Amino acid sequence: MKTTFLLGAGFNVDAMAESPPIYGHSIYIGEFQIECLYPMLSDLPRICFEVATLDQPVEELLAQAQSDGKWKPLERLARTIMHADYYLGQELTKDGAQNSYSKFFDHFPNAQFLTFNYDSLVERFLYCRQRWYPDDGYGLPVVTNQPRRTADHPASTSCVLHLHGAFCLYESDHQFIDRTGSGTSWYEEIDPPQYQFDPHSIAALFFPYRGIGPTSGYEPVERRVIAPVPNKSDGLRARFVRRMYQQAEALLEASGVAIAIGYAFGAADEASYAPLLKALERSTERRLLIVDPQAKSIANRIANAANRLSIVPIAETFGGWARNQFAMGE
């Protein structure tokens, strides 16, 4: 039976510590260390609004900025995460690299992944192991920009379902086509919509796949995801997200066992995780393992909402769980 993982921000938090120092070189200051970070919620005031503290929850400010059509805060978040993908993704997946992440992906060779994260760290590890390709690895057909045919590689054996969207993937419901050769392009809707793989600034991680750039149907990177706002109901109704959830629920119902890593099951996210718990409750085994330093309090908090599940808390960070040989608790 394939293992199904549910990943939150805490899955990535050990990445910087697991990587050796990464250095760049400047003609002005010489060699310098490149700082990379997969942010947690507490990092967002500094990243999104460039301040140390805020007078109100950062989720509320992000919601207000989005309502006002101000995308700079999310653009900064996207830049930070893709910066971490580019540097840490390359360093942690080098040939022969031994770290908690490489051990994890080797320990669970048949795993499937549901993630609330926007980054591509999981895909990078799986791509290097020839277990995932963007053409079919997102759980739906995806249009890619690459010089090789899809048939030149095998089908993906692991899928990565991004429940809140991904910075490297977007939906395109229109295109511009010059049907007469006159140089005039006409707007044309695409039904059903296409899904485009655009690795943007991290295209090197998925060579020979290339970025698409701002062409017709293009969606800016920061608008490809459900922002970390208090009310995600509008985003959860999006067509792409609904397709992700349909497949995620089917996976959970079939597998019967889910392992959540670094996901807090926060009260504000109940609309995001409740359908997943319900799907797991419809399975035969109905078993949920929670790997998180606060696993016991998380298990207690969701016990009423998931009273048909057998919940096993594993009070470890991801790195600690790896050092404990991925022990499954009780």
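Bear in mind the structure is a predicted one, so any value in this text is a computation, not a measurement. (Residues numbered from 1 in each chain as written. Predicted model: local features only at pLDDT ≥ 70, side-chain atom pairs only at ≥ 80, totals over all residues. Heavy atoms only, no water.)

Student: Sorry if this is basic, but what is going on with the sheet that holds strand β1 (residues 4–7) here?
Tutor: What holds strands together in a sheet is hydrogen bonding between their backbones, with the strands either parallel or antiparallel. With respect to topology, six strands assemble into an open sheet ordered β5-β4-β1-β8-β9-β10, the strand pairing being parallel. Each of the sheet's edge strands pairs with one partner strand only, and the pair in question is β5 (160–162) and β10 (310–314). The average angle at which neighbouring strand axes cross in this sheet is 20°, direction not considered. Bridging between β1 and strand β4 (residues 112–115) involves four bridges; their strand directions are parallel. Counted as the bridge partner of F5 is F113 from β4. On top of the sheet, helix α6 (residues 121–128) reaches β1, β4 and β5; it is set at about 165° to β5, its chief contact. (Pairing = 2+ DSSP bridges. Helix = DSSP H or I, 4+ residues; strand = E, 2+ residues; numbered from the N terminus. Axes fitted to C-alpha atoms, helices over the stretch in contact; angles between N-to-C directions. Contact = heavy atoms within 4.5 Å.)

Student: Help me understand the pattern of salt bridges in this model?
Tutor: Side-chain pairs of opposite charge can arise whenever the charged atoms involved come near each other. According to the stated counting rule, one finds 12 salt bridges in the structure shown. In this structure, E50 engages R76 in a salt bridge whose closest nitrogen and oxygen atoms are separated by 3.6 Å. Here E50, found in the loop between α2 (44–49) and α3 (58–67), pairs with R76, found in helix α4 (residues 72–92); they are 26 residues apart in sequence, far enough to count as distant. On the basis of relative accessible area, R76 is assigned to the buried category, the value being 17%. Linking E249 and R282 is a salt bridge whose minimum nitrogen-to-oxygen distance equals 3.9 Å. Of this pair, E249 sits in helix α8 (residues 239–255) while R282 sits in the loop between α9 (270–281) and β9 (287–291), and the two are 33 residues apart along the sequence. E249 gets classed as partly exposed once you look at its relative accessible area, which sits at 22%. The network of salt bridges with shared partners includes K72, E75 and R79. (Salt bridge = Lys/Arg side-chain N within 4 Å of Asp/Glu carboxyl O. Buried < 20%, exposed > 50% of the residue type's maximum accessible area, 1.4 Å probe, protein only.)

Student: It is not clear to me how α3 should be interpreted in this structure. Could you clarify?
Tutor: The periodicity of an α-helix, 3.6 residues per turn, causes residues three or four places apart in sequence to face the same way. Among the residues making up α3, those that are buried are V58, L61, L62 and A65. Projection of α3 onto a plane perpendicular to its axis shows the buried side chains occupying an angular sector of 100°, all on one side. Turning to α3, the residues buried within the fold contact α2 and α4. Following α3 by one or two positions, G69 has its phi on the positive side, about 75°. (Arc of directions from axis to C-beta.)

Student: Which parts of the structure should I look at to understand the pairing of β9?
Tutor: Burial analysis of β9 places four of its five residues in the buried class, the great majority of the element. Sheet topology places strand β8 (residues 257–261) next to β9; five bridges connect them, and they run parallel. Opposite A258, over in β9, you have L288 as the bridge partner. Where the polypeptide runs from β8 across α9 and back to β9, its parallel neighbour, the crossover connection is right-handed. Pairing analysis gives five bridges linking β9 to β10, with the strands arranged parallel. (Right-handed = clockwise from strand over helix to strand, strands pointing away.)

Student: Honestly, α9 in this entry has me stumped. Any pointers?
Tutor: The first and last C-alpha atoms of α9 sit 16 Å apart over 12 residues, in line with the 16 Å expected at 1.5 Å per residue. Those residues of α9 not exposed but buried are S272, Y273, L276, L277, A279, L280 and E281. Elements that come into contact with the buried residues of α9 comprise β1, α7 (233–236), α8, β8, β9 and α10 (295–302). (Expected span 1.5 Å × (residues − 1).)

Student: What's the story with the packing of aromatic side chains in this structure? I'm lost.
Tutor: Here a ring pair, both rings aromatic, is described through the centre-centre distance and the interplanar angle of the planes. The full count for this structure, using the stated rule, is 37 aromatic pairs. Their ring planes at 70° and their centres at 4.9 Å tell us that F5 and F104 sit as a pair that is edge-to-face. With F5 in strand β1 and F104 in helix α5 (residues 100–107), the pair connects residues that are 99 residues apart, well separated along the chain. The residues F5 and F104 share a single accessibility class, namely buried. Of the aromatic side chains, those joined through ring pairs into one cluster are F5, F11, Y101, F104, F105, F108, F113, F125, F318, W321 and F326. (Phe/Tyr/Trp six-rings, centres within 6.5 Å; stacked < 30°, edge-to-face > 60°.)

Student: I would appreciate a short explanation of unusual backbone geometry in the present structure.
Tutor: In terms of backbone geometry, most residues other than glycine have negative phi values and most peptide bonds are trans. Following F207, the chain continues into P208 via a peptide bond in cis, with omega recorded as 10°. Mapped onto the secondary structure, P208 falls in the loop between β7 (186–197) and α7. At H200, a residue that is not glycine, the phi angle is positive and equals roughly 55°. Mapped onto the secondary structure, H200 falls in the loop between β7 and α7. We note that F265 has phi near 50°; this positive angle belongs to a residue other than glycine.

Student: Hey, could you run me through the environment of P134 in this one?
Tutor: Following the sequence through the fold, P134 ends up in the loop between α6 and β5. Taking the C-alpha atoms as reference, P134 lies 9.5 Å from V160; in sequence the two are 26 residues apart. Here P134 is in contact with V142, T144, F197 and Y209, once residues within four sequence places are set aside.

Student: Any chance you could explain the side chain of T93 here in plain terms?
Tutor: Relative to the helices and strands, T93 is located in the loop between α4 and α5. Taking the relative accessible area as the measure of exposure, T93 reaches 11% and is therefore buried. Among the polar contacts made by the side chain of T93, one reaches the side chain of R124 at a distance of 2.9 Å. Beyond its immediate stretch of four places on either side in the chain, T93 contacts R124, F125 and C128. (Polar contact = N/O pair within 3.5 Å; in protein donor to acceptor, adjacent residues only side chain to side chain.)

Geometry only, nothing functional implied.
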